Amino acid sequence: MIFVDADACPVRAETVKVAERHGVKVTFVTDGGLRPSAHPLVSIVVVTEGADAADKWIAARIGPGDVCVTADVPLAARCVEAGARVLAPDGQAFTPANIGARLALRDLMADLRAADPFRKGGGRPFAAADRSRFLEALERALRAST
C-alpha cells in the first residue's frame, strides 16, 4: 500500500503510474480539494480539516511494507518508526539513519524563520530532475517491499 499526504503533493500522477506497474493500491489522504479518481487502485480519503489530521490518519494505519509519500518531516518520522519506507516528493528517502537529523534541521529552520520576519522565499522550486528522482526512488521502494 502507498499512502500519499496528498495536499500540495506534486507527484500524485507519478505515484499512480508506478503503483499501476506493481499492482499496488494508493490512498491519497487530503482535507479536501482532490477530484475523485476512477482508477481501480486509487482511493481518496478526505479527513476533517485541522492541523495534522491527514498525518494522524496515515500514521495510525501505516506499517511495515507500506510506502508513504510526504514532505512533512514529523509524519515521515512516525512512518519510519512504524517500519514503512518514506519518500519525499523530490525522491529523497527518510530512513532510521537520517530522520533524527532531518527533524533537527526542520526545527532549526523554523527557529531561523521565526527570528527573521523579513526573510523572503522558501525552498528551491520543484524541478523535472526532482520528479525523475522520485520516480526512480518509488520504483526501488516498491521492488524492495515485495
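Above this note sits the structure.
Structure report, in brief.

1. Some thoughts on the overall build of the protein
- Helix and strand counts for the protein stand at 5 helices and 6 strands.
- Counting helices and strands in the order they occur from the N terminus, the protein gives β-α-β-β-α-β-α-β-β-α-α.
- Taken over the C-alpha trace, the protein has a radius of gyration of 15 Å; the compact-globule value for 146 residues is 15 Å, and the two agree within 12%.
- Referenced to the eigenvectors of the C-alpha coordinate spread, the extents of the protein come out at roughly 45 × 30 × 30 Å.
- In the protein, buried positions account for 39% of the 146 residues.
- For the protein, the exposed surface amounts to about 8,300 Å²; the carbon and sulfur share of it is 55%.
- Between the averaged position of the 19 positive side-chain charges in the protein and that of its 18 negative side-chain charges there is a distance of 4 Å.

2. Details of the pattern of salt bridges
- Here the structure, examined in full by the defined rule, presents 4 salt bridges.
- As a salt-bridge pair, E139 and R21 come within 2.8 Å of each other at their nearest N and O atoms. Of this pair, E139 sits in helix α5 (residues 128-145) while R21 is found in helix α1 (residues 12-22), placing the two residues 118 residues apart along the sequence.
- Given the relative accessible area of 52%, R21 is considered exposed.
- Two residues, D130 and R133, come together in a salt bridge whose shortest N-O distance is 2.2 Å. Highlighted residues: D130 and R133, both in helix α5, separated by 3 residues, approximately one helical turn.
- The class for D130 is buried, based on a relative accessible area of 2%.
- The network of salt bridges with shared partners includes R21, E139 and R143.

3. Let's talk about the sheet that holds strand β5 (residues 85-87)
- Taken in spatial order, the 6 strands line up as β3-β2-β1-β4-β5-β6 in an open sheet, and their pairing is mixed. With partners counted over all chains shown, the strands left at the sheet margins are β3 (42-46) and β6 (93-94), one partner each.
- As defined by bridge partners, strand β1 (residues 2-5) adjoins strand β2 (residues 26-30) across 4 bridges and the pair is classed as parallel. Residue pairing for β2: V4 is matched across the bridge by F28.
- In this fold helix α2 (residues 53-61) packs onto β1, β2, β3 and β4 (67-69), with an angle of close to 165° to the strand it touches most, β1.

4. Focus on the nonpolar core
- Counting 22 residues, the largest nonpolar core has I58, C79 and F94 as the members making the most contacts within it.
- Per element, the largest residue contribution to this core is 6 residues, and it comes from helix α3 (residues 73-81).
- Residues in contact with I58, not counting those within four places in the same chain, are F3, V4, D5, V29, C68, L75 and C79.
- Within the second largest apolar cluster, 20 residues are counted, among which are V4, V11, V16 and A19.

5. Things to note about α1
- Residues of α1 that are buried include every one of E14, T15, V16, V18 and A19, and no others.
- G23 occupies a position one or two residues after α1 and carries a positive phi of about 65°.

6. Considering unusual backbone geometry
- If you check the backbone angles, A8 has positive phi at about 65° while not being a glycine.
- Looking at the element boundaries, A8 is found in the loop between β1 and α1.

Rules behind the numbers
Residues numbered from 1 in each chain as written. Predicted model: local features only at pLDDT ≥ 70, side-chain atom pairs only at ≥ 80, totals over all residues. Heavy atoms only, no water. Helix = DSSP H or I, 4+ residues; strand = E, 2+ residues; numbered from the N terminus. Rg over C-alpha atoms; globule rule 2.2 N^0.38 Å. Buried < 20%, exposed > 50% of the residue type's maximum accessible area, 1.4 Å probe, protein only. Areas by Shrake-Rupley, 256 points an atom, 1.4 Å probe, with all protein chains shown as cover. Lys, Arg positive; Asp, Glu negative; His and termini not counted. Charge placed at Lys NZ, Arg CZ, Asp CG, Glu CD. Salt bridge = Lys/Arg side-chain N within 4 Å of Asp/Glu carboxyl O. Pairing = 2+ DSSP bridges. Contact = heavy atoms within 4.5 Å. Axes fitted to C-alpha atoms, helices over the stretch in contact; angles between N-to-C directions. Core = buried A, V, L, I, M, F, W, Y, C linked by side-chain atoms within 4.5 Å.

Just geometry here; none of it tells us what the structure is for.
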